[in-house]
Each structure stands twice: as C-alpha cells, then as structure tokens.
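Next come the chains, spelled out residue by residue.
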Amino acid sequence: MLNFARWQIWGITLICLFGVLLAVPSLLPSNLASQVPWAPKVNLGLDLAGGSHLLLEADTSSLGQQRLEALEDTVRRELRSNNIDFAELSTANNQLTFLVRNPAQTGQAADLIRRQTQPTVMGGASDWTISTEGNRVVIRPTEAGQAAAVDSAMEVAREVIDRRINALGTLEPTIIRQGRTRIVVQVPGLQDPEQLKNLIGRTARLEFKMVSQGVTQEQLQQGRAPVGSQILPMADGGRIAVERRAIVTGDQVADAQQAFDQQSGEPVVTIRFDGAGGQRFARATQQNVGRPFAIILDNIALSAPVIQEPILGGTAQIAGSFTVESANQLAISLRSGRLPVELRVVEERTVGPDLGADSIRQGMIATAIGAALVMLFMLATYGKFGLFANAALALNVLLILGWMALFNATLTLPGIAGFVLTIGAAVDANIIINERIREELRRGRTVLDAIDTGWKEASTAILDANITNAIAGALMFYFGSGPIRGFAVVLVIGIVTSAFTAITVARMMVALWVRRARPKQLVL
C-alpha cells in the first residue's frame, strides 16, 4: 500500500494540479474572472446569482380542436388511399364527421378509421369513439384520450421551453411541471424577464397556406369565409382569407436562422424544411405559380407573397418588419419547435443578486469556520498525520470546485450546505485510517507494517461507505429537481474527491514521508 512508482506519483500530482487550476477561476473576483472567459467556472443558481422566476399556466381549451384537425388529415388520406368516396367532412361541435357516398362502404370506412386510432394504454380505453349514423361516420374524443393529450402536450411544452431557453445561452435553467397544466421556469442570472416572457409566450405555430380566391372585401370585413377557408388578421393591419389546409407547417422545419434580405438589408428569418416538407412546398409552388400564399405565425398572416416561380430548394424566407433581436427570437422559436398549447404567466418574480451575495458570504464564513475547527481537531489529535489529513482536506475543497466547474455544475444554497457537510464527512476517512493505524501499533506491529495494514484494512470500509452515499446522491439527482439536485451534485462530487484525497493522496504523502524519514516509532 505504501509503494508508489514514479509514474503513479506524477499521475496523482498532475490530477491534483489540474483540479486546482480548474478551481482558480471560480475563486477569482468577478472583474478578474471576466478576463479569462474561456476558463470553466462554477455557475451560481437562482438563489445565489438572482434571476427570473416564472409560473406558466397552459390554456388547453384549443387542444381538442387541434387533435381533430390532425385527425382530419389522417382520415382524408386513408379514405382516399382506400378508394372510399366521402363528402361533408367536418370538425364542428367537437367531433369529426363525414358522409360515405356509398352506404355499403360505411362499415369499411369506420373499421379503417378505428385501426388508425390507438388506445391510451395497452388494453385501455381508446382515444376516440367511432360510431355510424346511417351512412355517416362520427368520431368523438374520449375523456381518457383528452387527458392523455393534455399530459403529452405539457411534456412537449416543457421540452420546447427548455430548448428555447438553452438557445439563449443561459446556464442551468430549472424547468419543471407543477400540477396538471402548470410549468415553473427559473433562469439564474437573467434579471430582465421580459425577453424570457416574449420567447416563452410565443406559440410559434408556423403555417404556409394558399390565399383563397374570389373573396370580396365585404366578406373580409364581415368575417365571412367561403367553405374550406378562414379569415385571419394580417400583421400590418387588415384581413386575409386563406385555405384551411396548410401546405407546410412548422413541424416540418428542419432549421431556422436570422439573416438579412439581400435587396433591402432588413432582418429576416430563413427556414429550411425537412425532406417531406421540402417536397410538399416544392409541389405546391409548382402547381400554384402566379397565386399568392400566406406565411402565418400564431394565426397572424405576416405576409402574402405571390409565387413567381417554383421554389425547389427546400428553403423559404420570412419577412415582417423584424428587428435583429425579434428575428433571432423567432428563429429560436421555430428551431425549438412550436408549443402545443398557449402559455400565460400567472406568477412572476425577479430575485436580486443581493440576497445571493449575502448567502454566499455567510456560506463562505460557515465553510471557513467548519474547516478551521476540523483542521485544529485533526492536528491536535493526530499530530503529523493530522497535518497530512489537513493538506488532503484543503486539496479536497479545491478539487470539488474544480470538478464542478469542469462539469458546468450549478452551486445553489443547498449546494453550499452540501459543501460544508462534505468537508466534515471527508475527515471521516482520515479518522478511520489513523485509528486503525493506532490499533495496529497497540498490537505490537512495526511502524511500516502498522501504517500499511491500517491503510489496507480501512480502505475497504471507506469505499463501502462512500459507494452507499454516492448511490443515495445519484438517486437524489435523478429523482429530484432544483435545490435537491444542487445538493446532490455537490454531495456526489465531494464523495468522489474526498475518497480520492483520503485514500490515494494522503497515502502518497505518508509514503513519501516514510521513504524519506524512515521513522523507527510513531506517536498517534
């Protein structure tokens, strides 16, 4: 246990130096740390750095209609592919109905649609009930299907918000669901929540639709749309009639970037469709040269350009009096996907950095006092071996900070508590080792034999204890959120570094001292 090859000494030393160097930027004052932006630093959580807290509530009232519209496309496609002649396809009154022209095909049509609807769970209730009334097929949503749709939509909304916020470059946001239709968003370091609200609040439902022909201004003013069309407001004022069926939707956008128009120099958003979307867009523009089509975002028509020629490249450009910032936010929204439900802010809170600075100061004081008392105890109790333990403890503190910075971890107020707890727990290993060496000396072993046996026998117990603690910390991190995760991160990193410093680094120090001093007796 006390034999260290030269390469082992150099390897352990380099690991320690690397960890210390990683910790230095986090210990520097903010004005000096900003001079090395490339160096990793420990991120501070909302409770330490301040930031924005939003509680969002989803409006799920339109979710049922969205499901019906999605099912409408499926029904239309399946009926046509199976040569079933139908008419009067409607999504009114929270149900989907259509008429089968040939009564003999009514049962076939119902069975065809029934195969397309999947149960909410294996063997459970279906998302839809399908019945026939004469030669008319009626499809109604079930309560189980609607509940599953709300749960799925909220999970998708949480993931979309996460992608949008991370695209801003902010660090370690906390985004969790609360209840059935609410989402909590916490972003450390963001003192102005308006940008956050604008980004999150945009549904980003992008649609390309053909402009309806033959609609008079009187019909637009009265809001009367022909069959198969709808009236939408335009971004620059006025109204426009468009076909209900979309050519391409935002779900088929592969990428979106802020750019500048080559002719006017104004900010625009360029989008690139995926394979299926590019084919549909190309086919629609080939078939409708000379006709205008509308670019619609969240049910507002941004523009209605005329198709001058087929657009075959799978790309398009959105213009609409954007600023660089608004165009970039729209690009982020489109890249991250659309929100399946509208979200409104029901609670808004901005946490200032002053409270966090006070918490950091008190945490540092508590850490310093705890470390000082532990070091004095170790020095008074174990003498020279206490000095080795204290050196390992100081190194352990730096390694925790260094590896937290390397893993881009966030330090929260509970994390500081975990930090203080880790310092106390780190000494346990040294106490076990030193007490075991004392016991071996009392049994009459020589100094070298007592040190070697004591370290060997104590290491097994130390590793067992640390493994069980690490498992508990990993479970807290996996199942917890927010402050619990912050505590778990510091705890797990501290367990690993304390085991390394106590079992490996301190043992190497003792081995080098024994090799140089060759003590004949040892007082512990």
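This text follows the structure it describes.
Residues numbered from 1 in each chain as written. Predicted model: local features only at pLDDT ≥ 70, side-chain atom pairs only at ≥ 80, totals over all residues. Heavy atoms only, no water.

*Asks:* Would you mind going over the overall build of the protein with me for this structure?
*Replies:* In terms of regular secondary structure, the protein is built from 15 helices and 19 strands. In terms of C-alpha radius of gyration, the protein reaches 33 Å, well past the compact-globule figure of 24 Å for 524 residues. Each principal axis of the C-alpha atoms in the protein carries an extent, and together these give about 105 × 55 × 40 Å. Counting only residues that meet the buried cut, the protein has 44% of its 524 residues in that class. Once local pairs closer than 6 in sequence are excluded, the contacts in the protein between residues at least 24 apart make up 69%. When the accessible surface of the protein is split by element, carbon and sulfur atoms take 55% of a total near 26,600 Å². In the protein, the 47 positive side-chain charges and the 45 negative ones have mean positions that sit 7 Å from each other. (Helix = DSSP H or I, 4+ residues; strand = E, 2+ residues; numbered from the N terminus. Rg over C-alpha atoms; globule rule 2.2 N^0.38 Å. Buried < 20%, exposed > 50% of the residue type's maximum accessible area, 1.4 Å probe, protein only. Contact = heavy atoms within 4.5 Å. Areas by Shrake-Rupley, 256 points an atom, 1.4 Å probe, with all protein chains shown as cover. Lys, Arg positive; Asp, Glu negative; His and termini not counted. Charge placed at Lys NZ, Arg CZ, Asp CG, Glu CD.)

*Asks:* Any chance you could explain the pairing of strand β16 (residues 300-303) here in plain terms?
*Replies:* Residues in a regular strand project their side chains so that they alternate between the two faces of the sheet. With 3 bridges connecting them, strand β15 (residues 293-297) and β16 associate as antiparallel partners. Bridge pairing links I296 to A301 in β16. Connecting β15 to the antiparallel partner β16 that follows it, the hairpin turn spans 2 residues, and D298 within it adopts a positive phi of roughly 55°. (Pairing = 2+ DSSP bridges.)

*Asks:* Can you walk me through the packing of aromatic side chains in this structure?
*Replies:* Scanning the model with the defined rule gives 12 aromatic pairs in all. Plain terms: the ring middles of F86 and F98 are 6.5 Å apart, the flat faces sit at 80° to each other, and that makes the pair edge-to-face. Taken together, the residues span a long stretch of sequence, with F86 in strand β3 (residues 86-90) and F98 in strand β4 (residues 96-100) at a distance of 12 residues. Here F86 and F98 have matching classes, each one buried. One aromatic cluster is present, built from ring pairs that chain together F208, F273, F281 and F293. The positively charged end of R67 is found above the aromatic ring belonging to W128, 4.4 Å away from the centroid. (Phe/Tyr/Trp six-rings, centres within 6.5 Å; stacked < 30°, edge-to-face > 60°. Lys NZ or Arg CZ within 6 Å of the ring centre and 35° of its normal.)

*Asks:* How do you make sense of empty space enclosed by the protein when you look at a structure like this?
*Replies:* Over the atoms, a rolled probe matching the size of one water molecule traces out where space is still vacant. All chains considered together, the criterion is met by 1 cavity of 30 Å³ or more. F385, F388, A389, N430, I433, N434, W455, A506 and V510 are the residues that line the largest cavity. Elements with a minimum of two residues in the lining of the largest cavity: α12 (384-406), α13 (413-442) and α15 (483-517). Taken together, the residues of the lining of the largest cavity sort by class into 7 nonpolar, 2 polar and no charged. (1 Å grid on protein atoms, 1.4 Å probe; cavity = no way out; pocket = protein on both sides within 12 Å on 5 of 7 lines; lining within 4 Å. Points joined across faces, edges and corners; volume = space filled by probe spheres on them. Nonpolar A, V, L, I, M, F, W, Y, C, P; charged D, E, K, R; others polar.)

*Asks:* Looking at this structure, how should I read unusual backbone geometry?
*Replies:* When glycine is set aside, most residues are seen to have a negative phi, and most peptide bonds are trans. Its identity is not glycine, yet N83 carries a phi of approximately 60°, on the positive side. Relative to the helices and strands, N83 is located in the loop between α4 (63-81) and β3. Assessed through its relative accessible area of 66%, N83 is described here as exposed.

*Asks:* Would you take a moment to explain the packing of helix α1 (residues 6-27) against α12 for this structure?
*Replies:* When two helices pack together, their arrangement is given by the angle between the helix axes and the distance between those axes. In contact at an axis separation of 7 Å, α1 and α12 are set at 70° when each is read in the N-to-C sense. By the angle class used here, α1 and α12 are roughly perpendicular. Residues I15, C16, F18, G19, V20, L22, A23, S26 and L27 of α1 lie in contact with α12, whose contacting residues are L395, L398, L399, L401, G402, W403, A405 and L406. Of the residues belonging to the contact of α1 with α12, the class tally is 14 nonpolar, 3 polar and no charged. (Axes fitted to C-alpha atoms, helices over the stretch in contact; angles between N-to-C directions. Parallel < 35°, antiparallel > 145°, perpendicular 65-115°, else oblique.)

*Asks:* I keep staring at the pattern of salt bridges and nothing clicks. Help me out?
*Replies:* Side chains that differ in sign of charge can pair as their charged atoms come close. Counting across every chain of the model gives 20 salt bridges. Residue R445 is joined to E440 by a salt bridge in which the shortest nitrogen-to-oxygen separation is 2.5 Å. Look at the salt bridges and you will find they share partners, linking R436, E439, E440, R443, R445 and D449 into a network. (Salt bridge = Lys/Arg side-chain N within 4 Å of Asp/Glu carboxyl O.)

*Asks:* Looking at this structure, I do not really get the nonpolar core. What am I missing?
*Replies:* The nonpolar side chains of a soluble globular protein tend to be buried, and buried together. F385, M404, I437, I451 and W455 are the most contacted members of the largest nonpolar core, which totals 43 residues. Those elements giving two or more residues to this core turn out to be α11 (353-382), α12, α13, α14 (447-479) and α15. Tallying contributions element by element places α12 first for this core, with 10 residues. In this structure, F273, L297, F322 and A331 belong to the second largest nonpolar core, which totals 25 residues. (Core = buried A, V, L, I, M, F, W, Y, C linked by side-chain atoms within 4.5 Å.)

*Asks:* When you look at the layout of surface pockets in this model, what are you seeing that I'm missing?
*Replies:* Of the pockets and cavities examined, the largest pocket occupies roughly 1,700 Å³. Along its surface, the largest pocket is lined by 49 residues, and Q66, E69, A70, D73 and R205 are the ones closest to its centre. Elements with a contribution of two residues or more to the lining of the largest pocket: α4, β3, α6 (143-167), β9 (206-210) and β12 (248-249). Sort the elements by how many residues they give to the lining of the largest pocket and α4 lands first, with 12 residues. Across the lining of the largest pocket, the residue classes tally to 15 nonpolar, 16 polar and 18 charged.

*Asks:* I'm lost on a positive patch on the surface in this one. Help?
*Replies:* There is a patch of like positive charges on the surface, built from R6, R515, R518 and K520. Structurally, the position occupied by R518 is in the segment after α15. Judged by relative accessible area, R518 falls into the exposed class, the value being 61%. (Patch = residues over 30% accessible without salt bridge, like charges linked within 9 Å, V, L, I, M, F, W, Y side chains within 5 Å.)

*Asks:* Help me understand the environment of A392, please; the structure alone is not making it clear to me.
*Replies:* Relative to the helices and strands, A392 is located in helix α12. Classification of A392 by relative accessible area gives buried; the value is 1%. C-alpha separation for the pair A392 and I503, spaced 111 residues apart in sequence, amounts to 9.6 Å. Apart from residues lying up to four places away in sequence, A392 is in contact with T501, A506 and M509.

*Asks:* Is there a simple way to think about the sheet that holds β12 in this case?
*Replies:* Backbone-to-backbone hydrogen bonds pair the strands of a sheet. The strands run either parallel or antiparallel. Ordered in space as β12-β9-β15-β16, the 4 strands form an open sheet in which the pairing is antiparallel. Edge positions in the sheet fall to β12 and β16, since each has one partner strand and no second.

*Asks:* What is the right way to read the sheet that holds β3 from this model?
*Replies:* Strand order in the open sheet made by the 4 strands is β3-β4-β6-β5, with antiparallel pairing throughout. At either end of the open sheet lies a strand with only one pairing partner, and these are β3 and β5 (128-133). Direction aside, the axes of adjacent strands within the sheet are offset by 15° on average. With 3 bridges connecting them, β3 and β4 associate as antiparallel partners. Counterpart to A87 in the pairing with β4 is L99. Contacts from helix α5 (residues 106-116) reach β4, β5 and β6 (136-141) within the one sheet, and its direction differs from that of β5 by about 175°.

Note that all results are geometric; they support no functional claim without further evidence.
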